[in-house]
Amino acid sequence: MSRYDDEDGRDAGRTLAALPPARGRAFARSWWGRAWLRALEDAALEAAAVKAGRRLARAGGVGAVTVRPGRVTAVVRDPSGAAHRADVLLPRLSDEEWARFEDLAVEQAGHMAALLDRELPPHLMEDAAVAGIELLPGLGDLDPECDCGAWDHCGHTVALCHQVARLLDEDPFLLLLVRGRDKDAFLAELHVRSTAEPSGAMPPATGVDAAEAWAAGEILPPLPELPGLPSTPGASPSFAGSPAAPGMDPAALEHLAGRTAVEAFRLLAASRGETRACADLTAAQDAVRLACGPAPAAVAERLAVGSGRGRDGLMTAVLAWRTGGPAALAVLDEDREVEGAALARARAALETAWEADERPVFHRSGNRWTVQGEGVQLRLGREGHWWPYRGEGGRWVPAGGAGPDPATALASARWDVTAPVPEGS
């Protein structure tokens, strides 16, 4: 007996009803179905036979398909109505190859879960190919036999191959059957292996031919698309009522976990190009970032001390952070001189932002332009944008995000101004 035939009759095979014509659709949508057709097309076939076989399959000329170890068979009818028995033979895997394939399936919990749910995971096929176990056919594996007398693939065997590709879309476990294992028998053997007591001995590692591993890459499925960015950061766990280790503050740990989730969300968005990543933060800047979320009183006090700002100063810094992160925090803190070309550009922007009779009267100090008597202020950032500020409770607080137009920024600062002008503005 050859490896093309069932040697012991364990797997009698399956017969699948004829499929309807395939007009207006591709023969293979799954990557294993496409790999089956690629093995057919890569063989040295006559173009006329390929086209004729595809037309026969598309028109519904392939009858019921019988799949058994080492062979698929069907009756294929010509357009004239003449019927021919067509067979395509595929080498069966050896017992040693099946044993190694089952070992791979049992090693990974994800593989086992999918298989027990009667799904054939693509990654298991990848692992098998890398280990030198070829379930999918390669070049020259699909050996034709037809009673029409053709010595190579004819239109009848080509039509059968296209029909098998459609069947693989619906049930990839047919690959196991044609290679020598019925699905139910295979799953039963996996169950036995997964529940057996471990022997303690590791099986010897088997090498993989580099050329075979490289060739397998052409039939592997593409990597999946990255999952979409979640709508919100993940929720932090609650440590209320949990026993705490000596020196650990559960409330502080819970707050830190929540802010870490927010930062992880920001970094993920930045890696996808959806936001701009921040530069490395100092400890004082990071204290402001951590204070942006609701925090227990004791934690807030520690952050106020760690930031070097005190409680009121930290509240103002948090407002700045929320409008623009580290850049906004730098504008809050710095009182720098603006000179040369930067000052000329700032003056030109202020001159053109309003009509002459509507232009506010500013008092400039460094990078801060304060409107006389209104309790509103513009601050020029190092990037050339204007940041709105307004007076509240005797201090300057951020009033919105930055922009290139000073008139728009000032309008944000003027909204609902009721507090007195800070001293020393």
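Structure's up top.
Here's a quick rundown of the structure. (Residues numbered from 1 in each chain as written. Predicted model: local features only at pLDDT ≥ 70, side-chain atom pairs only at ≥ 80, totals over all residues. Heavy atoms only, no water.)

### Quick look at the nonpolar core
Working step 1: With 56 residues, the main nonpolar core has W36 and L115 as its most contacted residues.
Working step 2: Take this core: its biggest share by element is eight residues, from helix α6 (residues 155-170).
Working step 3: The residues touching L115, leaving out its near neighbours within four places in the chain, are A105, L120, P121, L124, F173, F186, L187 and L190.
Working step 4: Listed in part, the 20 residues of the second largest apolar core include V288, L314, L332 and W396. (Core = buried A, V, L, I, M, F, W, Y, C linked by side-chain atoms within 4.5 Å. Buried < 20%, exposed > 50% of the residue type's maximum accessible area, 1.4 Å probe, protein only. Helix = DSSP H or I, 4+ residues; strand = E, 2+ residues; numbered from the N terminus. Contact = heavy atoms within 4.5 Å.)

### Here we look at the pattern of salt bridges
A side chain of one charge can pair with a side chain of the opposite charge if their charged atoms are brought near each other.
Working step 1: If you walk through the whole model with that rule in mind, you get 15 salt bridges.
Working step 2: Between R85 and D87 there is a salt bridge whose closest N-O contact spans 2.7 Å.
Working step 3: By relative accessible area, R85 is classed as partly exposed at 41%.
Working step 4: Of the charged contacts, one joins D333 and R309 as a salt bridge, the two residues approaching to 2.7 Å between their closest N and O atoms. With D333 in helix α13 (residues 310-333) and R309 in the loop between α12 (297-307) and α13, this pair connects stretches of sequence that are 24 residues apart.
Working step 5: For R309, a relative accessible area of 25% puts it in the partly exposed group.
Working step 6: Salt bridges sharing common partners tie together R71, R85, D87 and E145. (Salt bridge = Lys/Arg side-chain N within 4 Å of Asp/Glu carboxyl O.)

### With respect to the side chain of H153
Working step 1: With respect to the helices and strands, the residue H153 is situated in the loop between β5 (143-146) and α6.
Working step 2: For H153, the side chain forms a polar contact with the main-chain oxygen of L142, separated by 3.0 Å.
Working step 3: Of note is the side chain of H153, whose polar atom sits 3.0 Å from the side chain of T157. (Polar contact = N/O pair within 3.5 Å; in protein donor to acceptor, adjacent residues only side chain to side chain.)

### A closer look at the sheet that holds β5
Working step 1: If you walk across this open sheet you meet the five strands as β1-β2-β3-β4-β5, and the pairing is antiparallel. Strands at the two margins of the open sheet, each flanked by one partner only, are β1 (14-16) and β5. Across the sheet, the mean angle separating the axes of adjacent strands is 20° when strand polarity is ignored.
Working step 2: Here five bridges tie strand β2 (residues 62-68) to strand β3 (residues 71-77), and the two strands are oriented antiparallel to one another. Each residue of the ladder has a partner; that of R68, found in β3, is R71.
Working step 3: The sheet strands contacting α6 are β1, β2, β3, β4 (83-89) and β5, and the helix crosses β4 at an angle near 60°. (Pairing = 2+ DSSP bridges. Axes fitted to C-alpha atoms, helices over the stretch in contact; angles between N-to-C directions.)

### Examining the packing of aromatic side chains
Here the distance between the centres and the angle between the planes together describe a pair of aromatic rings.
Working step 1: Under the criterion given, the structure shown has five aromatic pairs.
Working step 2: Taking the centre distance of 5.9 Å and the plane angle of 50° together, the rings of W354 and F362 count as tilted. Note on accessibility: W354 and F362 belong to one class, buried.
Working step 3: Pairwise contacts between aromatic rings join W98, F101 and F186 into one cluster. (Phe/Tyr/Trp six-rings, centres within 6.5 Å; stacked < 30°, edge-to-face > 60°.)

### What about the environment of A105?
Working step 1: Positionally, A105 belongs in helix α3 (residues 95-107).
Working step 2: Among the residues examined, A105 registers a relative accessible area of 0% and is labelled buried.
Working step 3: Considered as a pair, A105 and S194 are 89 residues apart in the sequence and their alpha carbons are 9.5 Å apart.

### Here's the deal with the packing of α3 against helix α5 (residues 122-130)
Working step 1: Packing of α3 against α5 leaves a shortest axis separation of 10 Å and a crossing angle of 135°. Between α3 and α5, the angle falls in the class oblique. The two elements α3 and α5 meet at a crossing, and its hand is right-handed. Taken together, the residues of α5 that come into contact with α3 (itself represented by F101, L104 and A105) are L124, D127 and A128.
Working step 2: Tallied by class, the residues present in the contact of α3 with α5 amount to five nonpolar, no polar and one charged. (Parallel < 35°, antiparallel > 145°, perpendicular 65-115°, else oblique. Left-handed = near helix turned anticlockwise from the far one by under 90°. Nonpolar A, V, L, I, M, F, W, Y, C, P; charged D, E, K, R; others polar.)

### Details of the sheet that holds strand β8 (residues 376-380)
Working step 1: As summarised here, the arrangement of the five strands in space is β6-β7-β8-β9-β10, forming an open sheet in which the pairing is antiparallel. Two strands in the sheet have a free side with no partner beyond their single neighbour: β6 (362-365) and β10 (395-398). Looking at each pair of strands side by side, their axes are set apart by 30° on average, direction ignored.
Working step 2: Of the strand pairs in this sheet, β6 and strand β7 (residues 368-371) are connected by four bridges, and their pairing is antiparallel. Counted as the bridge partner of F362 is V371 from β7.
Working step 3: In the packing of α13 onto the sheet, the strands contacted are β7, β8, β9 (386-392) and β10, and the crossing angle to β10 comes to about 50°.
Working step 4: Running over the sheet, helix α15 (residues 406-414) touches β6, β7, β8 and β9 and is turned about 20° from β9.

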